[in-house]
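Here is how the chains run, residue by residue.
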Amino acid sequence: MELTMAAEELKTVVNRLRRAQGQIAGVIKMIEEGRDCEDVVTQLAAASRALDKAGFAIIATGLQHCLTDADMAASGDREQMRTRLEKLFLSLA
């Protein structure tokens, strides 16, 4: 399944991934500095949420594009695509 996203959707996902990247860098720095465990876990949870949101946005866009594609519905691959998308959703759970 190719990742085809509109420019605005892509910008949102990339921004979320950059936010997560910054948060992960912050977690590494906090660990190296010996910061409080609660602060580290809080920052790590924020990074995890940012990654989850980016992943769900990618999957939702794929779902939207795949299920509205007339060729996909006509070719009988719809069930296979549904199974693949379900597996992707579960991988983020």
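The structure presented is a predicted model; accordingly, all values stated were derived computationally and were not measured.

### Describing the overall build of the protein
- Each helix and strand counted, the protein has four helices and zero strands in total.
- Tracing the protein from N to C terminus, the helices and strands come up as α-α-α-α.
- Here the protein holds 93 residues, and 22% of them are scored as buried.
- Expressed as a percentage of contacts within the protein between residues at least 6 apart in sequence, the contacts between residues at least 24 apart total 68%.

### Focus: the environment of Asp 36
- Counting through the fold element by element, Asp 36 comes out in the loop between α1 (7-32) and α2 (37-68).
- Asp 36 gets classed as partly exposed once you look at its relative accessible area, which sits at 43%.

### What about the confidence of the model for the protein?
- On average, residues of the protein score 80 in pLDDT, and 76% of them reach the 70 mark or higher.
- Mean pLDDT values over the elements of the protein span from 55, in helix α3 (residues 70-75), up to 90, in α1.

### Describing the side chain of Gln 23
- Tracing the chain through its elements places Gln 23 in helix α1.
- Of the residues examined, Gln 23 reaches a relative accessible area of 14% and is grouped as buried.
- At a separation of 3.4 Å, a polar atom in the side chain of Gln 23 contacts the main-chain amide nitrogen of Ala 47.
- Residues contacting Gln 23, with those up to four places away along its chain left out, are Gln 43, Ala 46, Ala 47 and Ala 50.

### Description of a nonpolar patch on the surface
- Residues Leu 17, Ile 24, Ile 28 and Leu 51 make up a contiguous nonpolar surface patch of roughly 310 Å² in combined accessible area.
- No other element matches the three residues that α1 contributes to the nonpolar patch.
- For Ile 24, the location among the structural elements is in helix α1.

### Regarding the environment of Lys 29
- Tracing the backbone through its elements, the reader meets Lys 29 in helix α1.
- Placed 11 residues apart in sequence, Lys 29 and Val 40 show a C-alpha to C-alpha distance of 9.5 Å.

### Considering α1
- Compared with an ideal rise of 1.5 Å per residue, which puts 26 residues at 38 Å, α1 spans 37 Å between its outermost C-alpha atoms and is within 8% of the ideal.
- Among all positions in α1, only Val 13, Ala 20, Gln 23, Val 27 and Met 30 are buried.
- Count one or two residues on from α1 and you reach Gly 34, which has phi positive near 70°.

Definitions and cut-offs
- Each chain has its residues counted from 1, running along the sequence as written.
- Given that the model is predicted, a residue must reach a pLDDT of at least 70 before its local features are reported, and side-chain atom pairs must reach 80 or more before they are shown or counted; all residues, however, enter totals for whole chains, interfaces and linings.
- By convention in this description, side-chain values take in all heavy atoms of the structure and omit both hydrogens and water.
- Secondary structure follows DSSP: runs of H or I at least 4 residues long count as helices, runs of E at least 2 residues long count as strands, and numbering of each begins at the N terminus.
- Only protein chains enter the accessibility calculation, which uses a 1.4 Å probe. A residue is then buried if its area is under 20% of the maximum for its type, exposed if over 50%, and partly exposed in between.
- Every residue pair with non-hydrogen atoms within 4.5 Å of one another is taken to be in contact.
- The quantity called pLDDT is the predictor's confidence in a given residue, expressed from 0 to 100.
- Definition of a polar contact: a pair of N or O atoms within 3.5 Å, with one able to donate and the other able to accept a hydrogen when the atoms are protein atoms, and with sequence-neighbouring residues admitted only if both atoms are side-chain atoms.
- Only residues whose relative accessible area exceeds 30% and that form no salt bridge enter a patch; like-charged residues are grouped when within 9 Å of one another, and nonpolar side chains (Val, Leu, Ile, Met, Phe, Trp, Tyr) when within 5 Å.
- Per-residue accessibility takes into account occlusion by the displayed protein chains alone, with areas from the Shrake-Rupley method and a 1.4 Å probe.
- By convention in these notes, a salt bridge is any Lys or Arg side-chain nitrogen within 4 Å of a carboxyl oxygen on Asp or Glu.
- One less than the residue count of a helix, multiplied by 1.5 Å, gives the span that helix is expected to have.

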